[in-house]
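These are the residues of each chain, in order.
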Amino acid sequence: MKDVNLLISNGVEVYASLELFGDIETYNATLIDFLEAADKKMADIKKYKEEADMANYAILVHSLKSDAKYLGFTRLAEISYNHEMESKANNPMFVYSHYDELVMEANRIIRLVKIYLGQESGSVESTAVETKKTTNDKKILVVDDSNIIRNIIQKMFDNEFEVLTAIDGLQAMNIINDPNVELFGMLLDLYMPNVNGFAVLDYLKANNLFTKIPVAVITGDSTQETREKTREYPIVEVLNKPFNENNVRRVIQAMAYCKNN
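As the structure is a prediction and not an experimental result, all values here were calculated from the model.

If you walk through the whole model with that rule in mind, you get 5 aromatic pairs. With a centroid separation of 5.3 Å and 40 degrees between ring planes, the pair formed by Phe 161 and Phe 184 is classed as tilted. Highlighted residues: Phe 161 in the loop between helix H7 (147–157) and strand S2 (162–166) and Phe 184 in strand S3 (residues 183–189), separated in sequence by 23 residues. Across the pair, Phe 184 and Phe 161 agree in class, each one buried. An aromatic cluster of three or more residues is present, and its members are Phe 157, Phe 161 and Phe 184. The ring of Tyr 233 carries the charged tip of Lys 205 above its face, separated from the ring centre by 5.4 Å. When the ring centre of Phe 198 is taken as reference, the NZ or CZ atom of Lys 229 above it lies at 3.9 Å.

Pasting the structure below:
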């Protein structure tokens, strides 16, 4: 196809890029190089996001920003730059909150380039970003006195579960006892002010609720004493802090296995 008007009409600053590349043939060849590397780059970006590896995530989104800037993908360059700055600041909350926006724009550009080069047919989707809302009625309870931990897990699973949160064991037990709430599982910190996680575990054990609510412990305490105490309860797993998205997803899968068996 190779009609530059397609690129221009979809927000690509082709003529500004030609000042760098010199001619359209070199620009087109660079687009082909961009496509050849795009799938792996986006897969690696996803991997580092899930591992909460902000250092390598920053390197990859910086590379994506540079490619986008050189090729005239202005919006993708701006979004990538924001991700680069926030990941360098070790702000996974921003990354989780805005990851879908990055992926949607990257996928839009990849498809646009494929159509331009004649590798695909069809039209290009709008640049508008839709807010995804889950229709899943499964509820996960995250109990932790750390606002950061609660928010990070909430962002991880926003589009898959309804994530309920509690700042201590008392709030957690109030949610557990709510007849209108059926929990898929619970992620429970052990050491919190007021009512701690062990009190919640004792309550679940006394009321035979572990078969109904799979529980994974999240803790920054890896001492032998804590490990031995947690063995007194039929919990799914102990998740040590700091953890990443892959760790939490593994625990959620284990909860699903417990619910189905």
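From this point on, the discussion continues.
With that out of the way, let us pick up the nonpolar core. Membership of the largest hydrophobic core comes to 38 residues, with the highest contact counts inside it found for Tyr 27, Leu 31, Ile 45, Tyr 57 and Phe 73. Of all the secondary structure elements, the ones that give two or more residues to this core are helix H1 (4–9), helix H2 (14–21), helix H3 (24–50), helix H4 (54–71), helix H5 (74–88) and helix H6 (92–116). Dropping the residues within four chain positions of it, Tyr 27 is found in contact with Leu 7, Val 12, Val 14, Ser 17, Leu 18, Phe 21, Leu 71 and Phe 73. By size, the runner-up hydrophobic cluster in this structure holds 25 residues, among which are Met 192, Leu 201, Leu 209 and Val 215.

The residue after Lys 241, namely Pro 242, is reached through a cis peptide bond having omega 0 degrees. In this fold, Pro 242 is placed in the loop between strand S5 (237–240) and helix H11 (245–260). Positive phi, close to 55 degrees, is recorded for Ala 52, a residue that is not glycine. Here Ala 52 lies in the loop between H3 and H4.

Next up on the list: the confidence of the model for the protein. Mean pLDDT over the protein stands at 89; residues scoring 70 or higher make up 94%. Confidence over residues 127–135 falls short of pLDDT 50; this stretch has 15 contacts with residues more than four positions distant or in other chains.

This part is about the pattern of salt bridges. Close approach of charged atoms allows side chains of opposite charge to pair. If you walk through the whole model with that rule in mind, you get 17 salt bridges. Note that Lys 49 and Glu 245 form a salt bridge whose closest N and O atoms lie 3.2 Å from each other. Residue Lys 49 is located in helix H3, and its partner Glu 245 is located in helix H11; the two are separated by 196 residues in the primary sequence. The partner of Glu 160 in a salt bridge is Arg 249, and the shortest N-O contact between them spans 2.8 Å. Of this pair, Glu 160 sits in the loop between H7 and S2 while Arg 249 sits in helix H11, and the two are 89 residues apart along the sequence.

Another aspect to go through is the pairing of S3. Across the 7 residues that make up S3, a large majority, 7, are buried. Bridge count between strand S1 (residues 139–143) and S3: 5 bridges; the pairing is parallel. Looking across to S3, one finds that Leu 141 is bridged to Met 186. Direction of pairing for S3 relative to strand S4 (residues 215–219): parallel, over a ladder of 4 bridges. For Asp 189, the partnering residue across the bridge sits in S4 and is Ile 218.

Bringing H5 into the picture now. A rise of 1.5 Å per residue sets the reference length of H5, with its 15 residues, at 21 Å; its end C-alpha atoms lie 21 Å apart and thus fit the reference within 8%. Every buried residue of H5 is listed here: Leu 76, Ala 77, Ile 79, Ser 80, His 83, Glu 84 and Ser 87. The buried side chains of H5 occupy one side of the element, clustering within an arc of 165 degrees when seen end-on. Structurally, H5 contributes buried residues whose contacts are with H4 and H6. Positive phi shows up at Asn 90, right after H5, with a value of about 55 degrees.

What counts as what
- Residues numbered from 1 in each chain as written.
- Predicted model: local features only at pLDDT ≥ 70, side-chain atom pairs only at ≥ 80, totals over all residues.
- Heavy atoms only, no water.
- Phe/Tyr/Trp six-rings, centres within 6.5 Å; stacked < 30°, edge-to-face > 60°.
- Helix = DSSP H or I, 4+ residues; strand = E, 2+ residues; numbered from the N terminus.
- Buried < 20%, exposed > 50% of the residue type's maximum accessible area, 1.4 Å probe, protein only.
- Lys NZ or Arg CZ within 6 Å of the ring centre and 35° of its normal.
- Core = buried A, V, L, I, M, F, W, Y, C linked by side-chain atoms within 4.5 Å.
- Contact = heavy atoms within 4.5 Å.
- pLDDT = per-residue confidence, 0-100.
- Salt bridge = Lys/Arg side-chain N within 4 Å of Asp/Glu carboxyl O.
- Pairing = 2+ DSSP bridges.
- Expected span 1.5 Å × (residues − 1).
- Arc of directions from axis to C-beta.

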